[in-house]
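# Coordinates in review
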Amino acid sequence: MPRVYTLSQARRSLPGIAAVVTVMRRRALRLDELTAIASSVRRSSSADGGPVVGDDSEIQAEITKLQEQIAMLIEHIQEQGVEVKDVRRGLVDWRAERDGREVYLCWQHGERTLSWWHEIADGFAGRQPIVVSEWA
């Protein structure tokens, strides 16, 4: 059964989660850069039909390393009962209870605090501001 957080528990956990999300995003963005470079090397090397000239083995090794690191960071977050929704945006959700039903408390990298919630089925598009008095 997934962990269910209170608003105060989720907010207390935010600094640690935010730190991990920052590292995760940075690695994901670097992964995107390297993937684009590797793709460009492959395209330019085979565009003329000749042999592949560029050696992207170092790039591929770094890509693999970054993928493994990102997977470990996601696992670390999930072990705390927090769900990673979008690695590159740094979007994470905490399960919570509101009026007897499960909902998500929602945070995205760059936001100062945990200020949003949404119904499980609504996703990010259904985010609503947290009114603390309604969560007491």
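Residues numbered from 1 in each chain as written. Predicted model: local features only at pLDDT ≥ 70, side-chain atom pairs only at ≥ 80, totals over all residues. Heavy atoms only, no water.

## What about the environment of Ser 115?
The condition is simple: For helices the rule is a DSSP run of H or I covering at least 4 residues; for strands it is a run of E covering at least 2, with both sets numbered from the N terminus onward. When a residue's accessible area, from a 1.4 Å probe over protein chains only, is under 20% of the maximum for its type it is buried; when over 50% it is exposed; and in between it is partly exposed. Contact between two residues is taken to exist if any of their heavy atoms lie within 4.5 Å; hydrogens are not considered.
Tracing the chain through its elements places Ser 115 in the loop between strand 3 (101-108) and strand 4 (116-119). When its relative accessible area of 24% is taken as the criterion, Ser 115 is described as partly exposed. When the C-alpha atoms of Ser 115 and Arg 127 are compared, they prove to be 9.5 Å apart, with 12 residues separating the residues in sequence. Excluding residues within four positions of it along the chain, Ser 115 makes contact with Arg 11, Cys 106, Gln 128, Pro 129 and Ile 130.

## Notes on the packing of aromatic side chains
Quick note on the threshold: Stacked, edge-to-face and tilted labels apply to pairs of Phe, Tyr and Trp rings (six-membered ring for Trp) whose centres lie within 6.5 Å, assigned for plane angles under 30 degrees, over 60, and everything in between, in that order. Whether a charge lies above a ring is judged from NZ of Lys or CZ of Arg, which has to be within 6 Å of the ring centre and within 35 degrees of the ring normal.
Inspection of the entire model under this criterion finds 1 aromatic pair. Between Trp 117 and Trp 135, the aromatic rings sit 5.9 Å apart at their centres with planes inclined by 70 degrees, giving edge-to-face as the arrangement. Of this pair, Trp 117 sits in strand 4 while Trp 135 sits in the segment after strand 5 (128-129), placing them 18 residues apart in sequence. Overall, Trp 117 belongs to the buried group, its relative accessible area being 3%. The ring centre of Tyr 5 lies 3.9 Å from the NZ or CZ of Arg 3, which sits over that ring.

## Considering the pairing of strand 4
Consecutive side chains along a regular strand alternate between the two faces of the sheet. Applied cut-off: Strand pairing is defined by DSSP finding a minimum of two bridges between the two strands.
Judged from the 4 bridges that link them, strand 3 and strand 4 form a sheet pairing that is antiparallel. Residue pairing across strands places Val 103 opposite Glu 119, the latter belonging to strand 4. Relative to strand 5, strand 4 is paired through 2 bridges, and the arrangement is antiparallel. The residue bridging Trp 116 from the neighbouring strand is Pro 129, located in strand 5.

## Topic: the nonpolar core
Formally: For our purposes a nonpolar core is just a set of buried Ala, Val, Leu, Ile, Met, Phe, Trp, Tyr and Cys residues, chained together by side-chain atoms within 4.5 Å.
If you look at the biggest cluster of nonpolar residues, it comprises 33 residues, and the most contacted ones within it are Met 24, Ile 77, Val 92, Trp 94, Leu 105, Trp 107 and Trp 135. Going through the elements one at a time, helix 1 (7-46), helix 2 (57-79), strand 1 (82-86), strand 2 (91-98) and strand 3 are the ones with two or more residues in this core. Discounting residues that sit within four places of it in the chain, Ile 77 has contacts with Ile 17, Val 20, Val 21, Met 24, Val 82 and Val 84.

## Digging into the pattern of salt bridges
Which entries qualify depends on this criterion: Only one rule defines a salt bridge in this text: a Lys or Arg side-chain nitrogen within 4 Å of an Asp or Glu carboxyl oxygen.
By the definition in use, this model includes 10 salt bridges. As a salt-bridge pair, Lys 85 and Glu 83 come within 2.9 Å of each other at their nearest N and O atoms. Note on Lys 85: relative accessible area 39%, which makes it partly exposed. With a closest N to O distance of 3.7 Å, Arg 101 and Asp 99 form a salt bridge.

## Things to note about the sheet that holds strand 5
Consider a sheet: its strands pair through backbone hydrogen bonds, and that pairing is either parallel or antiparallel. In spatial order, the strands read 1-2-3-4-5; together these 5 strands make up an open sheet with antiparallel pairing. Both outer strands of the open sheet, strand 1 and strand 5, are each paired with one neighbouring strand and no more.

## Structural notes on the confidence of the model for the protein
It should be kept in mind that the predicted coordinates are not to be read in detail where pLDDT is low. What counts here: The pLDDT value expresses, per residue, how confident the predictor is, ranging between 0 and 100.
Summary statistics for the protein give a mean pLDDT of 90 and a share of 88% for residues scoring 70 or more. Per-element confidence in the protein ranges from a low mean pLDDT of 90 for helix 1 to a high of 98 for strand 4.

## Considerations on helix 2
Worth spelling out the cut-off: The span one expects for a helix is its residue count, reduced by one, times 1.5 Å.
Between the first and last C-alpha of helix 2 there are 33 Å, a value that for 23 residues agrees with the 33 Å anticipated at 1.5 Å per step. Those residues of helix 2 lying buried are Ile 59, Ile 63, Leu 66, Ile 70, Leu 73, Ile 74 and Ile 77. Following helix 2 by one or two positions, Gly 81 has its phi on the positive side, about 85 degrees.

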